[in-house]
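Coordinate inspection notes
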There are 2 protein chains.
Amino acid sequence: MANSHYTDGLSLSATGRSLPIALLRVREKVMERFRPLLQSHGVTEQQWRVLRVLREVPDLDMSALAKAANLLPPSLSRMTKGLEERGLITTARAAGDGRRTSLRLTANGSALITKVTPESSAISAEIETIVGRDKIQALLDQLESVLDALDNAKA
Amino acid sequence: MANSHYTDGLSLSATGRSLPIALLRVREKVMERFRPLLQSHGVTEQQWRVLRVLREVPDLDMSALAKAANLLPPSLSRMTKGLEERGLITTARAAGDGRRTSLRLTANGSALITKVTPESSAISAEIETIVGRDKIQALLDQLESVLDALDNAKA
DNA sequence: TGTCAATAATTAACACGTTAATCATTCTCG
DNA sequence: CGAGAATGATTAACGTGTTAATTATTGACA
């Protein structure tokens, strides 16, 4: 019953206990459930992250937004063109530092988040029901702990 | 000391406790340490996964290899061209089913794995030292458990 | 047996990941 | 002040992620 996902004849291979691959597999399984929602609203997973971060912090420059949304600056640079053309964000030279670009959510961008969030929360709740709230919280704690350990190494 | 990675002024935001993002962040932090090695040998992370799977199972078709290496078939289809041109794998029509492509590692492909593996293992060991072997094993167990739960849902 | 559905692989199109290089602006400090 | 270093953003180039459409082969079954 456990290990029922090894249905490809590979059994417990070396790659099966690799941390990067395990993280990838779980992430895929989770995202599988969100993708149809995002797709139905015409946003990618990454665009959704950018919009949500801008809702939390209303004015960010490219570097800060990239870090907060876990994107590399070149990816963000490309994306913002499209998001601005679609009227979801605005870009402007930052006051006081001409190198920085100041990014903000428009009313339309905010409205999109408002529209999608309830369904997104429902999917999260569904996952919590399937996996168990405790198990998810424990996993999040472990992930944060591992991240801290790696961040503090060689600091 | 803990939470020291929140250095961007966002503190504990909603995105900070999202499972997909947490998985992404940890994966990035881990891969950061492997990337220079792979790059120095001219293979991407995905190519490395493909070669390693083929070392574990010497003859696979596209579908089985894609599943085992966590790639989508179109990505694998593209990659195999390059890997074959570089002499790391061979492709051939499968005997008995003309739709299938049979993929195998060449001697050169096997040699590449042999060359890279020691350094890769050293990096894994380094990560285990930093994070702690127990913590990593616990994380792997939790990841597997969550994967099982999601796999068995709606089955 | 011949037709149609199912399966395996590929191709196409568009978006993102990654590294390196480039451009513009600001900062440093003599 | 002014030259050069540092910083923020962008562009370029190539590989992968993702979905949809297409091609080739096999399988099912009347």
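Everything discussed here concerns the structure shown above.
Residues numbered from 1 in each chain as written. Chains lettered and ligands numbered in written order. Predicted model: local features only at pLDDT ≥ 70, side-chain atom pairs only at ≥ 80, totals over all residues.

1. Concerning the protein's contact with DNA strand C
Close to DNA strand C lie 22 residues, the nearest being A:Ser75, A:Gly98, B:Asp61, B:Ser63 and B:Pro74. Among the elements of the structure, α2 (45-56) and α4 (73-85) of chain A together with α3 (62-68) and α4 (73-85) of chain B are those that each provide at least two residues to the surface near DNA strand C. Residue contributions to the surface near DNA strand C peak at four residues, all from α4(A). Of the residues contributing to the surface near DNA strand C, the split by class is seven nonpolar, eight polar and seven charged. (Near = placed C-beta within 6 Å. Helix = DSSP H or I, 4+ residues; strand = E, 2+ residues; numbered from the N terminus. Nonpolar A, V, L, I, M, F, W, Y, C, P; charged D, E, K, R; others polar.)

2. Here's the deal with α4(B)
Residue and element names in this part refer to chain B. Its 13 residues give α4 an end-to-end C-alpha distance of 19 Å, which sits within 8% of 18 Å, the value for a rise of 1.5 Å per residue. Elements that come into contact with the buried residues of α4 comprise α2 (45-56), α3, β2 (89-93) and β3 (101-105). Trailing α4 by a residue or two, Gly87 shows a phi angle of about 75°, which is positive. (Expected span 1.5 Å × (residues − 1). Contact = placed C-beta atoms within 7 Å.)

3. Notes on the protein's contact with DNA strand D
For DNA strand D, the set of nearby residues contains 22 residues, the closest of which are A:Asp61, A:Ser63, A:Pro74, B:Ser75 and B:Gly98. Mapped onto the surface near DNA strand D, the elements with two or more residues apiece are α3 (62-68) and α4 of chain A together with α2 and α4 of chain B. A per-element tally of the surface near DNA strand D places α4(B) first, with four residues. For the surface near DNA strand D, the class distribution of residues is seven nonpolar, eight polar and seven charged.

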